[in-house]
Amino acid sequence: MAVSRKPVFQNLPSPPAAEKKPVSDTRHGIARSDDYAWMRAENWQAMFKDPSLLEPELRRHLEAENAYMEAAMADTVALQKTLFAEMKGRIKEDDSSVPMKDGPFAYGTAYVTGGEQPRYFRIPRDADHRDEASRKLLLDGDKEASGKDYFRLAGLDHTTDHRFGIWGYDDKGSEYFTLRIRDLESGEDLPDVIENTGGGGVWAPDGKSFFYTLQDENHRPSKVFHHIVGQPQSQDRLVYEEKDPGFFMGVGGSLLDDFIYIDVHDHETSEYRLLSTKDLMAEPMLVAERVEGIEYSMTEGGDVFYILTNDGGAKDFKIMEAPVEAPGKANWREVVAHEPGRLIISHMAFARHLVWLQRKDGLPQIVIRDRQNGEEHAISFAEEAYSLGLQGAAEYETEVIRFSYSSMTTPSQLFDYNMSTRERVLLKTQEVPSGHNPDDYVTRRVMAPAHDGELVPVSLLYRKDTPLDGSAPCLLYGYGAYGITIPASFSTNALSLADRGFVYAIAHIRGGKDKGFAWYEDGKMKKKENTFKDFIAAADHLVEQKFTSYANIIAEGGSAGGMLMGAIANMAPEKFAGIIAAVPFVDVLNTMLDDTLPLTPPEWPEWGNPLESEEEYRWIAAYSPYDNVGARPYPPILALSGLTDPRVTYWEPTKWIARLREKAPDAGPYLLKTNMAAGHGGKSGRFQRLEEIAFEYAFAIKVAGKM
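Along each chain, the written sequence defines residue order, and numbers are assigned to residues from 1. Totals for whole chains, interfaces and linings use every residue, but because this is a predicted model, local features are given only for residues with pLDDT of at least 70 and side-chain atom pairs only at 80 or more, for both listing and counting. With hydrogens and water excluded, all non-hydrogen atoms of the structure serve as input to the side-chain values.

A closer look at the overall build of the protein
- When helices and strands are tallied, the protein shows 13 helices and 37 strands.
- In terms of overall dimensions, the protein is globule-like: its C-alpha atoms have a radius of gyration of 25 Å, near the 27 Å expected for 707 residues.
- With the C-alpha coordinates aligned to their principal axes, the bounding extent of the protein is approximately 70 × 55 × 50 Å.
- We call two residues in contact when some of their heavy atoms are within 4.5 Å. Taking contacts inside the protein between residues at least 6 apart in sequence as the whole, the part at least 24 apart equals 57%.
- We treat Lys and Arg as the positive residues and Asp and Glu as the negative residues; His and chain ends play no part in the count. The location of each charge is read from NZ of Lys, CZ of Arg, CG of Asp or CD of Glu. The distance from the centre of the 78 positive side-chain charges to the centre of the 108 negative ones in the protein is 3 Å. Helix and strand assignments come from DSSP, with helices taken as H or I runs of at least 4 residues and strands as E runs of at least 2, each series counted from the N terminus. For a compact globule the rule gives 2.2 Å times the number of residues to the power 0.38, and the radius of gyration it is set against comes from C-alpha atoms.

Here it is in structure tokens:
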């Protein structure tokens, strides 16, 4: 099919030509040849920790790609600066959080004008957080980041007596975090240095030791260690080791400081072990052994544990309780029954109340239950579509929890809510310094008919004066994996597109839990192609309803959403004017065949295991974007990656772009931007991140012919 697109990329230099070095592979009797397998650095584990170790040939190729990308985008430099200024102008630069009360103090974060990183502070419990004189600075992120190309903080967790804090940082983008211990009174760090961790720790109640996860050489959190303050890391005691590389692991604590939780899970199975803080040297106690497809999570409620689980056919989850002394599965008793279509997402317990966040009819709700009389109520909201965040509280003995609320037109609001009196107190409304009038914009939710009759929700944001005759450009965003729900929340950045006449759209496609757990199941494993077809159906519906036209739709997705971008590029290239694929998971088959990569074994339940199953090999081979590139009328494509990304390795988009140029040289163009000093999340500073978004939006505006 001939595709008519705006000739927005002209007089480009010749793109980099990647050398072809065929590598053959045969699985299940099926032979393949990969011309660009050489782009996977043999020393990738070492390179993630020290990017200077990247092989010279690979570095030259990535730098050549960056130079070509810069040439193609040279005419957008002024636009990028304008977009960045707009986005920055909507951020209150000296913003601060409303501190969370915990014992004699309240803890919060703040930024300074021009600052990239957060500052952690505390104030006396009942002091006015707006009075900067009452704040004690605990950790200055900008100071710690000074002189580093990349820097990401992993938070600050204080001891029960508020004397010390664990803080962590990653200065490579590879997500290997170093932990330090800070004396919160003096502001000095102790000599302890804990390296290669998952990013945080959990204090024992006495504040003399903590627990953390260690990342192994394949970047998997496979071990939990117990560190005693003042001892070298080499003497840390191994508490638990997970032998199965297919499982992630985390360590956490309870509000009552009674237990350390060791959470072992993949995307569909979980298992908990408990360590009583009364005996830190004991063996962790198994709660309920893992059973494939059964998930559960725990929170302490004094004399009982509350357990959120899908056991017993509770697809959308139910809440059970069990005695603290005997939390095994035999003693689980139902508290909140399973209700099909009402997905319980998370739960919290306090002295007198049980709280949970659920999703029903596509919208989130916060439900409160009185633990004495069983009375329940939901916190009500007036808007048709909105987003909720449940923060809860840092204390167990409380009547007050905290939550956030926003919609695509309403800036974020932070509330304290009294669970007994039902009083709602507005603590803070997100400020937009450059100004924002919600009445200038429209937010809608439309339902797009999918190929099999399902209805795909699509959230929309646009200015009231935007013509709905098919002429408006549209940025259509999608993700669709791991059960992650994309909220219809407020985005100051999206306003830069809406103000230029764009329709900003989010397709709530299968693979997420936007319409319950079944919505997730219908977009994974052998049903994965539903995700791609849903996204294309969303585009079709927006065109049919004249919100936009095929010549004006720019598709965007990142990570697993980047895989979505690669798939829809192969399936329906004529329906998109451009595609933005951030850290795109596009080499799906090769990655799922490589069990040394960090995420491969834990993600087999999401995509399939092509090493063991020919059927699952064929599922993946049928849609894997890299493997299905052909001579098609691809639109301009922008791929973004990070050199030290352990989640979607840099070679995936690099190989993809090379194959696109080889198979469809007259289409595109295909641009690759590799951040040579960052990982999966891109640059770490708040304004540095805005620069990257401004770049992506400039590409969309250029492709739409709206410069």
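From this point, things continue past the structure.
Some details on the pattern of salt bridges
- A pairing counts as a salt bridge when a side-chain nitrogen of Lys or Arg comes within 4 Å of a carboxyl oxygen of Asp or Glu. Applying the stated criterion across every chain, the model contains 49 salt bridges.
- The residue Lys20 makes a salt bridge to Asp35 at a minimum N-O spacing of 3.7 Å. You can see Lys20 sitting in the segment before β1 (23-27) and its partner Asp35 sitting in the loop between β2 (30-34) and α1 (44-49), a full 15 residues away along the chain.
- Using a relative accessible area of 13% as the deciding quantity, one classes Asp35 as buried. Accessibility here uses a 1.4 Å probe with only protein chains present; expressed as a share of the type maximum, an area under 20% marks a residue as buried, one over 50% as exposed, and anything in between as partly exposed.

Notes on the environment of Glu521
- In this structure, Glu521 sits in helix α6 (residues 517-521).
- Dropping the residues within four chain positions of it, Glu521 is found in contact with Lys315 and Lys527.
- Looking at Glu521, its side chain comes within polar contact range of the side chain of Lys315, at 3.0 Å. Distance and chemistry together define a polar contact, namely a pair of N or O atoms within 3.5 Å, with one atom able to donate a hydrogen and the other to accept it when in protein, and with adjacent residues in sequence counting only for side-chain atoms on both sides.

Quick look at the nonpolar core
- Nonpolar cores were defined as sets of buried Ala, Val, Leu, Ile, Met, Phe, Trp, Tyr and Cys residues, with membership established by side-chain atoms within 4.5 Å. Counting residues in each nonpolar core, the largest one holds 125 residues, and the members touching the most others are Leu476, Phe535 and Trp607.
- The greatest single-element share of this core, amounting to 11 residues, is contributed by helix α13 (residues 686-703).
- The residues contacting Phe535, other than those within four sequence positions of it, are Leu476, Tyr477, Gly478, Ala507, Ile509, Ala555, Leu564, Met565, Ile568 and Phe576.
- With 19 residues, the next largest nonpolar core counts Leu363, Ile368, Phe381 and Tyr417 among its residues.

With respect to the sheet that holds strand β15 (residues 259-265)
- For two strands to count as paired, DSSP must find a minimum of two bridges between them. One open sheet holds the four strands; their spatial order is β14-β15-β16-β17, and the pairing between them is antiparallel. Every other strand in the sheet has two partners, leaving β14 (248-253) and β17 (285-286) as the edge strands with one partner each.
- The pairing of β15 with strand β16 (residues 270-276) spans seven bridges and is antiparallel. Its bridge partner lying in β16, His265 is registered against Ser270.

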